[in-house]
Amino acid sequence: MGTVDTVEIRVDRERCVGAGMCALTAPDVFDQDGEDGRVLVLDARPAGGRSAAARQAAGFCPAGVITLLAGDAVLAGDAGDDGTPG
Ligand code: SF4
């Protein structure tokens, strides 16, 4: 077993600071809202190269609000919705 090709993306828009690292790193997966600058998910189930870019973007996000899931496994991020203050 090894790489998981398809992942599921979760973001916590409440805690997004609009830094835009995600949209720069994985422009096929993330964009920024034109009004509030917060993240928009373009592809919630990216595969292949998009998945790799999304994982990188999760690592770069300064607010740590991008979570990648593969089934029950968390590949990146902190699952976001545990109520812990950022
Ligand atoms: S990198 Fe993180 S904080 Fe910045 S816009 Fe994307 S999700 Fe929001």
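Residues numbered from 1 in each chain as written. Predicted model: local features only at pLDDT ≥ 70, side-chain atom pairs only at ≥ 80, totals over all residues. Heavy atoms only, no water.

With respect to the nonpolar core
Grouped together as the largest cluster of nonpolar side chains are 17 residues, with contacts concentrated most on Phe30, Ile66 and Leu68. Contributions of two or more residues to this core are made by helix H2 (48-60) and strand E4 (66-70). The greatest single-element share of this core, amounting to four residues, is contributed by H2. Leucine 68 has contacts with Val7, Glu8, Ile9, Ser51, Ala54, Arg55, Ala58, Ala73, Val74, Leu75 and Ala76, leaving out every residue within four places of it along the chain. (Core = buried A, V, L, I, M, F, W, Y, C linked by side-chain atoms within 4.5 Å. Buried < 20%, exposed > 50% of the residue type's maximum accessible area, 1.4 Å probe, protein only. Helix = DSSP H or I, 4+ residues; strand = E, 2+ residues; numbered from the N terminus. Contact = heavy atoms within 4.5 Å.)

Description of the site of the ligand
In the region of the ligand, 13 residues are neighbours, and Cys16, Ala19, Gly20, Cys22 and Cys61 sit closest. Of all the cavities here, the one that holds the ligand is the largest cavity. Residue composition of the shell around the ligand, by class: eleven nonpolar, two polar and no charged. (Near = heavy atom within 4 Å. 1 Å grid on protein atoms, 1.4 Å probe; cavity = no way out; pocket = protein on both sides within 12 Å on 5 of 7 lines; lining within 4 Å. Sits in = over half its atoms within 2 Å of the grid points. Nonpolar A, V, L, I, M, F, W, Y, C, P; charged D, E, K, R; others polar.)

Description of the pattern of salt bridges
Taken as a whole and judged by the stated rule, the model has six salt bridges. We note a salt bridge from arginine 13 to aspartate 33, for which the minimum N-O separation is 3.6 Å. In this pair, arginine 13 sits in the loop between strand E1 (8-11) and helix H1 (21-25) while aspartate 33 sits in the loop between strand E2 (30-32) and strand E3 (39-41), placing the two residues 20 residues apart along the sequence. For arginine 13, a relative accessible area of 28% gives the class partly exposed. For aspartate 33, a relative accessible area of 22% gives the class partly exposed. Between aspartate 43 and arginine 50 there is a salt bridge; the shortest N-O distance is 2.8 Å. Put simply, Glu8, Arg10 and Arg45 are held in one network by salt bridges that share partners. (Salt bridge = Lys/Arg side-chain N within 4 Å of Asp/Glu carboxyl O.)

Points about the environment of proline 62
With respect to the helices and strands, the residue proline 62 is situated in the loop between H2 and E4. By relative accessible area, which is 59% here, proline 62 ends up exposed. Residues proline 62 and cysteine 16, spaced 46 residues apart in sequence, show a C-alpha to C-alpha distance of 8.7 Å. Among residues more than four places away in sequence, those in contact with proline 62 are Val17, Ala19 and Met21.

With respect to the sheet that holds E4
The three strands lie next to each other as E1-E4-E5, forming an open sheet whose pairing is antiparallel. Among the strands making up the open sheet, the edge pair consists of E1 and strand E5 (73-76). Looking at each pair of strands side by side, their axes are set apart by 35° on average, direction ignored. Here three bridges tie E4 to E5, and the two strands are oriented antiparallel to one another. (Pairing = 2+ DSSP bridges. Axes fitted to C-alpha atoms, helices over the stretch in contact; angles between N-to-C directions.)

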